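This is what each chain is made of:
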Amino acid sequence: METPTVERLKFETMQYVIRRPRGFDPAKRYPCILFLHGSGTRGTDLGLLLGNPFFTALDRMEDFPFVVIAPQCHEYTWLDLFEQLSRLAKSARELPYVDADRFYCLGTSMGGYGTWLLAESHPELFAAIVPICGGGVCWSASQLKNVPVWAFHCQGDPVVMLSESEHMVEWTNRFGGSARLTVYPEDSHNAWDATYSNPEVFAWLLTHKNAQAEALEQNLSGSDKFG
């Protein structure tokens with residue numbers, strides 16, 4: 001069986017990899033996932049990134065139609081690299097073999113926070129997002145009203161409280177968005193293994209195309225109300 005191709009690259013100071021699907025044809029356009037890892041994969045060794053459970057799960061799938069673009073965080077958190085990460089996301093979406101209308105973000109733990117925050121800051125980029133055991137800025141969830149969300153968390157997560165995902169999903173829907181939350185019953189931080197191995201997650205992504213965000217309302221003005 002033909003194996004997916006993996007290319008190691010660098011964007012500004014950030015290393016990243018591109019994983020192309022089996023049978024890749026550069027003349028075609030593919031759905032694309034921007035993958036943001038958790039804190040355990042930080043560093044400058046791309047071997048750590050390629051050994052992440054996400055890539056292990058993908059290697060077990062016979063038919064995975066996505067291009068995956070995965071940067072590696074070489075600072076303490078994704079927030080330390082947020083502007084650079086934003087530029088990388090915009091650049092990745094413009095690659096000639098990426099379908100800009102089917103550009104998604106999926107991240108875990110620290111990367112789950114990065115996924116929420118990147119989509120809140122740049123909702124126009126994403127057709128849908130999958131944040132796993134993360135959290136965001138609930139009052140900014142109005143930015144996500146055109147970005148479908150499927151979040152995942154474990155009931156007894158000892159590292160990131162379940163309420164982090166619950167609040168984001170609640171507020172996204174309160175602002176007119178479409179967000180859902182799957183809660184696993186385990187007392188564990190690991191909400192990713194079950195999510196990565198669930199083909200319904202990736203099938204769900206493919207049902208969404210970019211709805212754009214030009215109609216977003218910015219109603220957070222006034223220092224008397226918002227500081």
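Residues numbered from 1 in each chain as written. Predicted model: local features only at pLDDT ≥ 70, side-chain atom pairs only at ≥ 80, totals over all residues. Heavy atoms only, no water.

Undergrad: It is not clear to me how the sheet that holds strand E7 (residues 149-154) should be interpreted in this structure. Could you clarify?
TA: To summarise the sheet geometry, strands pair through backbone hydrogen bonds and adopt either a parallel or an antiparallel arrangement. Strand order in this open sheet of eight strands is E1-E2-E4-E3-E5-E6-E7-E8, and the pairing throughout is mixed. Where the open sheet ends on each side, the last strands, each with one partner, are strand E1 (5-11) and strand E8 (179-184). Within this sheet the neighbouring strands show an average axis-to-axis angle of 20°, counted without direction. Note that E7 and E8 share six bridges and pair parallel. Paired with valine 149 across the bridge in E8 is alanine 179. Its contacts with the sheet place helix H4 (residues 110-121) against strand E3 (30-36), strand E5 (98-108), strand E6 (128-132) and E7, and it is angled at close to 140° to E5. Strands in contact with helix H5 (residues 162-174) are E7 and E8; relative to E8, the strand with the most contacts, it is inclined by about 160°. (Pairing = 2+ DSSP bridges. Helix = DSSP H or I, 4+ residues; strand = E, 2+ residues; numbered from the N terminus. Axes fitted to C-alpha atoms, helices over the stretch in contact; angles between N-to-C directions. Contact = heavy atoms within 4.5 Å.)

Undergrad: I would appreciate a short explanation of helix H7 (residues 199-206) in the present structure.
TA: Counting along an α-helix, one turn takes 3.6 residues, and residues three or four places apart therefore face a common direction. Of all the positions in H7, only Val201, Phe202, Trp204 and Leu205 are classed as buried. The buried side chains of H7 occupy one side of the element, clustering within an arc of 155° when seen end-on. In H7, the exposed positions that point more than 90 degrees away from the buried face belong to Pro199 and Glu200. (Buried < 20%, exposed > 50% of the residue type's maximum accessible area, 1.4 Å probe, protein only. Arc of directions from axis to C-beta.)

Undergrad: Looking at this structure, how should I read unusual backbone geometry?
TA: Apart from glycine, the bulk of residues carry a negative phi angle, and the bulk of peptide bonds sit in the trans form. Notably, glutamate 12 is not glycine yet its phi reads approximately 55°, a positive angle. With respect to the helices and strands, the residue glutamate 12 is situated in the loop between E1 and strand E2 (14-20). The phi dihedral of serine 109 is positive, around 55°, even though this residue is not glycine. Here serine 109 shows up in the loop between E5 and H4. A relative accessible area of 11% means that serine 109 is categorised as buried.

None of this, on its own, says anything about what the molecule does.
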